[in-house]
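Chain by chain, the residues:
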Amino acid sequence: YQYISITYVLYSVLHQQQHNTTISKSIMAEITGNFVPGTTKYKSKYTVVNQTTSLQQTTETECAPFFISIASLDPNSKRDLERLGLIQDENSTNIRLLRKKHAAYLRRPLYFKNVQTLPGSYISLDSSKPWIIYWTLHGLDLLDDLPDEDTLIGIVHTLEACWSNVNVKVNVNAKVNEKVNVNDGNEEEDALGGGFGGGVGQLPHCATNYAAVNALSIIAGCDVGDYPDAAKLALDLLKRKRDSLLKWFLSLRYERKGDNEKGSMVCGYRMQHDGEVDVRATYCICSVASLLNILTSDLMDGMMEHVVECQTFEGGFGGEPFAEAHGGYTFCALGALQILTKAKGMANLEQSGMDFVALRNWLVNRQMGYEGGFQGRCNKLVDGCYTFWVGSAIAILGLDGTNQQFDSG
Amino acid sequence: MNFPTFDIPERALELTALCLRFNPANYTTWWFRRQCLASLSTPPTSDFESKYTYFSENFIANDLMLASKLGGSNPKNYQVWYHRRNLLEQSFSDMTSDSDTECGSVLELVNEELEYIAGVLDKDSKNYHAWSHRQWILKIINMESKWTAEIEYINDLLEADVRNNSAWNQRWLVSHRGSKSKPFPVEAASEEVNFVISKAREDPYNESPWRYFVALIKEQFRLIASSPEFVSLVDTCENALKEVKEKFELESKKDGMECTHLIAAHIDILEMKGDEDSLSSAVEFAILLESRYDPVRKKYWKLRAQQLQVVAN
């Protein structure tokens with residue numbers, strides 16, 4: 001009902017705006033010189049029509065009704081928005097975040113006592129339980145609206161149930177708390193590694209492992225005063241798993257001859273045993289390993305060089321060398337490089353060998369001139385998720401030690 | 001993983017196929033299925049050794065079909081595409097000869113697979129997994145005839161949609177024969193530039209060719225900066241770019257500065273030229289983009305102008 005009513009309000013407003021004499025957005029942009037999304041003048045331009053331009057046009061048309069100046073609305077429309085809680089009162093000009101409603105939505109999959117299952121179509125996420133937990137818990141954490149301690153304890157138990165052990169072969173010298181050179185001797189032994197998978201009895205997987213560790217970290221990092229038992233439970237679980245995680249990570253190594261002048265070794269990582277190698281795995285492993293302080297030199301060996309090979313001629317990063325520059329993979333690559341360069345004591349990201357200038361140029365060009373949001377690849381469509389992937393990448397660059405900092409338009 | 005051992009892997013295979021219909025994203029089921037297939041496959045010789053898993057021919061054929069069936073409604077599923085790759089790794093890595101006649105059945109498999117991918121791309125010309133799989137095949141077989149055939153395929157895609165950035169990306173892979181470390185000859189760069197300019201001319205607003213254009217020149221800049229060959233290349237490129245802009249303004253009666261990616265490319269060229277006049281032109285262009293033509297990237301262009309000014313001084 002609320003979606004329909006908002007849409008009705010917005011469409012009626014658009015109809016009205018075509019007939020009123022309020023200062024148009026494009027004129028405002030000229031006067032203030034600031035970027036204002038939804039300015040017709042900055043819709044995408046083309047001299048040739050093709051599938052790309054058609055899809056882009058359709059998207060711009062769909063987005064257009066949502067770029068409304070609240071100040072220019074008539075009193076009835078404003079009252080509608082006020083009733084929905086989207087604006088504070090008739091004098092407001094900013095949309096409010098509906099915190100309680102978002103929190104209620106996020107809490108749905110986490111019901112503990114009144115068992116509420118997700119609809120049948122969610123079977124496609126049956127191998128992604130830790131993701132559902134992490135997405136919702138992280139959202140609630142940002143909203144300062146975490147569930148009660150019983151629910152958090154339940155989550156820790158659920159995540160523990162997603163843990164599986166796997167037989168691995170490790171270099172006998174690969175220890176958790178020491179920095180050992182992996183090339184010293186090839187003696188290997190059987191060991192038990194492990195990680196968090198998508199559900200009970202599922203193989204450990206880098207992505208679900210990342211999600212599970214992050215979710216546990218949120219709980220472990222809770223104010224001990226508020227959630228004493230849950231925080232302790234989560235922290236203990238993470239501590240117990242450090243050793244196994246390192247062994248499992250090492251067993252995912254995919255070493256190869258680097259595509260560089262010297263032909264020196266570079267190392268990608270698989271997402272799972274007998275699984276695909278791409279830069280997501282490198283990031284997930286870097287992130288978890290640095291959180292849990294198991295980012296050993298064995299693990300890092302060849303990692304950075306592999307990531308750098310994933311940078312394309314466009315400046316962004318793809319999932320594998322030569323794969324198309326893509327917002328999601330760029331975030332992963334950049335996150336990994338940031339962690340690695342810091343761990344290696346490097347002064348800045350450029351020391352990794354990546355082309356900082358080309359990356360920066362590619363990133364800023366992912367912002368859409370009309371919509372204001374970001375696309376994931378050149379000549380593709382805007383999508384809210386890329387506000388995170390690309391927006392975060394831009395933020396990461398701002399953390400770089402050099403003076404080349406800026407925030408996005 | 002401590003799975004119970006199955007005495008009847010054939011039955012386990014059947015079960016995995018059933019399970020995968022419910023959830024083709026269950027990566028554990030795929031992994032387990034491959035364990036069963038491998039255990040039922042007998043390598044050609046008793047001392048057969050390979051870093052890749054060996055699957056017998058009929059299993060490969062059958063499971064490619066299974067993957068196609070499941071992949072149809074799930075074109076963006078990682079596991080289905082990886083299954084195809086894993087099935088084919090052993091036989092594709094075996095191809096060392098470039099002679100079309102010597103590889104027989106494996107070559108047939110290569111062609112079928114490339115055709116399958118083309119079919120997927122026909123429905124979604126930018127499917128990331130499809131392109132990734134295609135790139136893997138071309139790199140692992142490394143056949144000159146396939147590289148050259150791919151250029152034709154890319155050209156067809158660009159004819160249909162000159163803004164297909166995935167096709168542009170593929171062109172970079174193919175022209176470089178899958179290598180980042182082998183120096184790209186300046187003659188090849190010149191040829192590529194001609195092609196790119198012809199495409200940029202079709203729609204000067206299009207970002208893809210201008211990005212490719214700048215990358216080609218930058219690559220040569222890194223290899224042979226300040227050599228007469230580079231100077232000649234840069235001059236040719238700058239003239240070609242100016243010509244595109246002039247022609248656009250003549251035909252459309254519009255302001256060529258609106259083609260912000262063309263202007264951005266020009267700024268990059270001027271920066272590489274590096275002389276005082278070029279740099280001050282570059283600063284001017286950057287300021288125009290910042291203040292008027294590319295407001296969403298206002299702060300970026302301001303920074304760029306500042307940095308160029310510093311170099312100019």
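For the structure, check the block above.
Residue indices follow the written sequence of each chain, beginning from 1 at its first position. Here chains are named by letter from A upward and ligands by number from 1 upward, in the order in which they appear as written. Owing to the predicted nature of the model, reporting of local features is limited to residues with pLDDT of at least 70; listing and counting of side-chain atom pairs is limited to 80 or more, with chain, interface and lining totals taken over all residues. Note that the side-chain values use all heavy atoms of the structure and ignore hydrogens as well as water.

Student: Can you break down the side chain of asparagine 206 of chain B residue by residue, with the values?
Tutor: Of note, asparagine 206 of chain B is situated in the loop between helix H9 (186–202) and helix H10 (207–224). Relative accessibility thresholds used throughout: buried, under 20% of the residue-type maximum; exposed, over 50%; partly exposed, between the two (1.4 Å probe, protein chains only). For asparagine 206 of chain B, a relative accessible area of 0% gives the class buried. Separated by 2.9 Å, the side chains of asparagine 206 of chain B and asparagine 379 of chain A make a polar contact. Residue contacts follow a heavy-atom distance rule, with two residues in contact if any of their heavy atoms lie within 4.5 Å. Sequence-distant contacts of asparagine 206 of chain B, defined by excluding residues within four places in its chain, comprise Asn379 of chain A together with Val162 and Arg163 of chain B. Numbering of helices and strands starts at the N terminus; helices are DSSP runs of H or I of at least 4 residues and strands are runs of E of at least 2. Polar contact is defined as a pair of N or O atoms within 3.5 Å, subject to the rule that within protein one atom must be able to donate a hydrogen and the other to accept it, and that residues adjacent in sequence are counted only when both atoms are side-chain atoms.

Student: Report on the environment of histidine 129 of chain B, specifying residues and quantitative values.
Tutor: Residues and elements named next belong to chain B. Assignment of secondary structure puts histidine 129 in helix H6 (residues 128–141). The buried category is assigned to histidine 129, whose relative accessible area is 12%. Distance from histidine 129 to isoleucine 117, taken between C-alpha atoms, is 9.5 Å for residues 12 residues apart in sequence. Excluding residues that lie within four positions of it along the chain, histidine 129 makes contacts with Pro75, Lys76, Asn77, Tyr78 and Trp81.

Student: For the pattern of salt bridges, give the residues involved together with the corresponding values.
Tutor: Salt bridge, as used here, is a side-chain nitrogen of Lys or Arg placed within 4 Å of a carboxyl oxygen of Asp or Glu. Counted by the stated rule, this structure contains 32 salt bridges over all chains. For the salt bridge of aspartate 145 of chain A with arginine 107 of chain A, the shortest nitrogen-to-oxygen distance reads 2.8 Å. Of this pair, aspartate 145 of chain A sits in the loop between helix H6 (129–142) and helix H7 (149–161) while arginine 107 of chain A sits in helix H5 (residues 99–107), and the two are 38 residues apart along the sequence. Classification of aspartate 145 of chain A as partly exposed rests on a relative accessible area of 22%. Residue glutamate 238 of chain B pairs with lysine 273 of chain B through a salt bridge whose shortest N-O separation is 2.5 Å. Linking glutamate 238 of chain B in helix H11 (residues 228–252) with lysine 273 of chain B in helix H12 (residues 260–273), this pair joins segments that are 35 residues apart in sequence. Note on glutamate 238 of chain B: relative accessible area 6%, which makes it buried. For lysine 273 of chain B, a relative accessible area of 31% gives the class partly exposed. A single network of salt bridges, built from pairs that share partners, joins Glu276, Asp278 and Arg280 of chain A.

Student: I'd love a proper account of the interface of chain A and chain B, names of residues and values included.
Tutor: With 72 residues of chain A at the interface, the matching set in chain B holds 61 residues. We define buried area as the total accessible area lost by two parts upon association, computed with a 1.4 Å probe and summed across both. For the pair chain A and chain B, the summed buried area comes to about 5,900 Å², and 48% of that belongs to carbon and sulfur atoms. On the chain A side of the interface with chain B, the three residues burying the most area are Asp274, Phe313 and Phe322 of chain A, jointly 15% of the side's total. Across the chain A-chain B interface, the total number found is 5 salt bridges. A salt bridge links aspartate 355 of chain A to arginine 222 of chain B; its shortest N-O distance comes to 2.7 Å. Inspection of the chain A/chain B interface yields 46 residue pairs in polar contact (both at pLDDT 80 or more). Secondary-structure elements contributing two or more residues to the side of chain A that touches chain B are helix H3 (51–63), strand E1 (163–171) and helix H14 (356–364) of chain A. Tallying contributions element by element places H14 of chain A first for the side of chain A that touches chain B, with 5 residues. Within the side of chain A that touches chain B, the residues separate by chemical class into 19 nonpolar, 34 polar and 19 charged. Under this grouping Gly is polar, as are all residues other than the nonpolar Ala, Val, Leu, Ile, Met, Phe, Trp, Tyr, Cys and Pro and the charged Asp, Glu, Lys and Arg.

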